[in-house]
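What follows is each chain in one-letter form.
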Amino acid sequence: MSHLIAPSVLAANFADLRSDIEMVNESAADWFHVDIMDGVFVPNISFGFPVLDAIRRYAKKPLDVHLMIVDPDRYIEQFAAAGAAVITVHYEACRHLHRTIGAIRSLGCRAGVALNPHTPVSLLDDVLEDLDMVLVMSVNPGFGGQKFISRTYEKLRALKALAAGRKDDLLIEVDGGVNLSNAPDLINAGANVLVAGNFVFSAENPGEVIGSMKGITPGTRLA
Ligand code: DX5
Ligand code: ZN
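Bear in mind the structure is a predicted one, so any value in this text is a computation, not a measurement.

Draft legend 1. Focus on the sheet that holds strand S1 (residues 4-7). Ordered in space as S1-S8-S7-S6-S5-S4-S3-S2, the 8 strands form an open sheet in which the pairing is parallel. Looking at strand neighbours, the two that pair on one side only are S1 and strand S2 (32-37), the edges of this open sheet. Within the sheet, the average angular offset between the axes of one strand and its neighbour, ignoring direction, is 25°. Relative to strand S3 (residues 63-68), S2 runs parallel, the two sharing 6 bridges.

This is how it looks when you write it as structure tokens:
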């Protein structure tokens, strides 16, 4: 499978969200990455259902919803109804992760689990077959525009090894500080979904940047 690109709406211009959504629609991007922050699990609040509804109204690509909220079980049904194609919960926010994954899938969504930088991939050993995606955080969640943590490469390799022969179609998403310099190495290390916020939306030509990210050929290095 060639890698997917998921621009993070968090870095879009909220005063002109529709134009940014149209830009992503017309680009080589595969998904919209939508960050939901509750001010409790992470020290920031992003946006909730009214904004998600507005995104959905214009988005022509699947919504990849990243829940940075405590006790996500309370809202999973509502996010599925709001049009999420992928729902990702944090390992650190779930008491009964296996049940939560089952609940997401029973609603017809793909289920993802996100790992904070301090959480080892080995903790997913017992639920790997039940998952569609693992999101490896390459910054501490809560804000866009942070510095990429380079330990991420080892985590991606470890995750790929854990999934080999058991779950070869696992989606491995990397989120935080992704740009055109580290993207080739991230893909080579095992990532097959790249989230990018600031690098895309602060570019002079965001559509072109998305195209360059999509065009990376595994095995090559651009930087
Ligand atoms: C961070 C969010 C990311 C963020 C990425 O908590 O989960 O999705 O939008 O933004 P950049 O690419 O700017 O680090
Ligand atoms: Zn995210």
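There is more to say, and it comes next.
Draft legend 2. Examining unusual backbone geometry more closely. For Asp71, which is not glycine, the phi torsion reads 50° and is therefore positive. Turning to its location among the elements, Asp71 is positioned in the loop between S3 and helix H3 (76-81). A relative accessible area of 39% means that Asp71 is categorised as partly exposed.

Draft legend 3. Spatial organisation of the packing of helix H1 (residues 17-26) against helix H2 (residues 49-58). It is the contact of H1 with H2, at a shortest axis distance of 9 Å, that shows an interaxial angle of 45°. Taken as axis vectors, H1 and H2 run oblique relative to one another. Viewed along their axes, H1 and H2 form a crossing whose handedness is right-handed. Touching Leu17, Arg18, Ile21, Glu22 and Asn25 of H1 are Val51, Ala54, Ile55 and Tyr58, all from H2. In terms of residue class, the contact of H1 with H2 is made up of 6 nonpolar, 1 polar and 2 charged.

Draft legend 4. Fine view of the packing of aromatic side chains. Applying the stated criterion across every chain yields a total of 4 aromatic pairs. Taken together, a centroid distance of 6.4 Å and an interplanar angle of 40° make the contact between Phe49 and Tyr75 tilted. Pair noted here: Phe49 is in helix H2 and Tyr75 is in the loop between S3 and H3, with a separation of 26 residues, a long-range link. By relative accessible area, Phe49 is classed as buried at 19%. By way of ring pairs, the aromatic residues Phe49, Tyr75 and Phe79 are connected into one cluster.

Draft legend 5. Highlighting the coordination of the zinc ion (ligand 2). Summarising the metal site, the zinc ion (ligand 2) is bound by the protein donors His33 (NE2), Asp35 (OD), His66 (ND1) and Asp175 (OD), whose distances to it range over 2.0 to 2.3 Å. One can describe the site at the zinc ion (ligand 2) as octahedral: its 6 donor atoms subtend angles covering 70 to 171° at the metal. Sequence spacing of the donor residues for the zinc ion (ligand 2), all on one chain, is H-x1-D-x30-H-x108-D. With Asp35 in strand S2 and His66 in strand S3, this pair connects stretches of sequence that are 31 residues apart.

Draft legend 6. Representation of helix H4 (residues 97-106) in the model. Listed as buried for H4 are Leu97, Thr100, Ile101 and Ile104. One side of H4 carries all its buried residues, which in axial view fall inside an arc of 100°. Along H4, exposed side chains directed more than 90 degrees from the buried face belong to His98, Arg99 and Ser106. Residues of H4 that are buried sit in contact with H3, strand S4 (84-90) and strand S5 (110-115). Following H4 by one or two positions, Gly108 has its phi on the positive side, about 85°.

Draft legend 7. Broad picture of the nonpolar core. With 65 residues, the main nonpolar core has Val34, Ile55, Phe79, Ile87, Leu186 and Leu194 as its most contacted residues. Among the elements that line this core, the one with the most residues is helix H5 (residues 152-163), at 5 residues. Apart from residues no more than four positions distant in its own chain, Leu194 is found in contact with His3, Leu4, Ile5, Ala6, Val174, Val178, Ala183, Leu186 and Ile187. Membership of the second largest hydrophobic core comes to 8 residues, among which are Leu4, Ala6, Leu171 and Val195.

Draft legend 8. Summary view of the pairing of strand S8 (residues 193-196). Because side chains alternate across S8, one face comprises the buried residues Val193 and Val195, and the other comprises Leu194 and Ala196, equally buried. As paired elements, S1 and S8 share 4 bridges and run parallel to each other. Looking at S8, one finds that Pro7 is bridged to Ala196. In the sheet, strand S7 (residues 171-175) pairs with S8 via 2 bridges, with the strands oriented parallel. The partner of Glu173 across the bridge, within S8, is Val193.

The rules behind these values
- Residues numbered from 1 in each chain as written.
- Chains lettered and ligands numbered in written order.
- Predicted model: local features only at pLDDT ≥ 70, side-chain atom pairs only at ≥ 80, totals over all residues.
- Heavy atoms only, no water.
- Pairing = 2+ DSSP bridges.
- Helix = DSSP H or I, 4+ residues; strand = E, 2+ residues; numbered from the N terminus.
- Axes fitted to C-alpha atoms, helices over the stretch in contact; angles between N-to-C directions.
- Buried < 20%, exposed > 50% of the residue type's maximum accessible area, 1.4 Å probe, protein only.
- Parallel < 35°, antiparallel > 145°, perpendicular 65-115°, else oblique.
- Left-handed = near helix turned anticlockwise from the far one by under 90°.
- Contact = heavy atoms within 4.5 Å.
- Nonpolar A, V, L, I, M, F, W, Y, C, P; charged D, E, K, R; others polar.
- Phe/Tyr/Trp six-rings, centres within 6.5 Å; stacked < 30°, edge-to-face > 60°.
- Donors = N, O, S within 2.8 Å, 3.2 Å for Na, K, Ca; no water.
- Tetrahedral: all angles 85-135°; square planar, octahedral: opposite > 155°, others 65-115°.
- Arc of directions from axis to C-beta.
- Core = buried A, V, L, I, M, F, W, Y, C linked by side-chain atoms within 4.5 Å.

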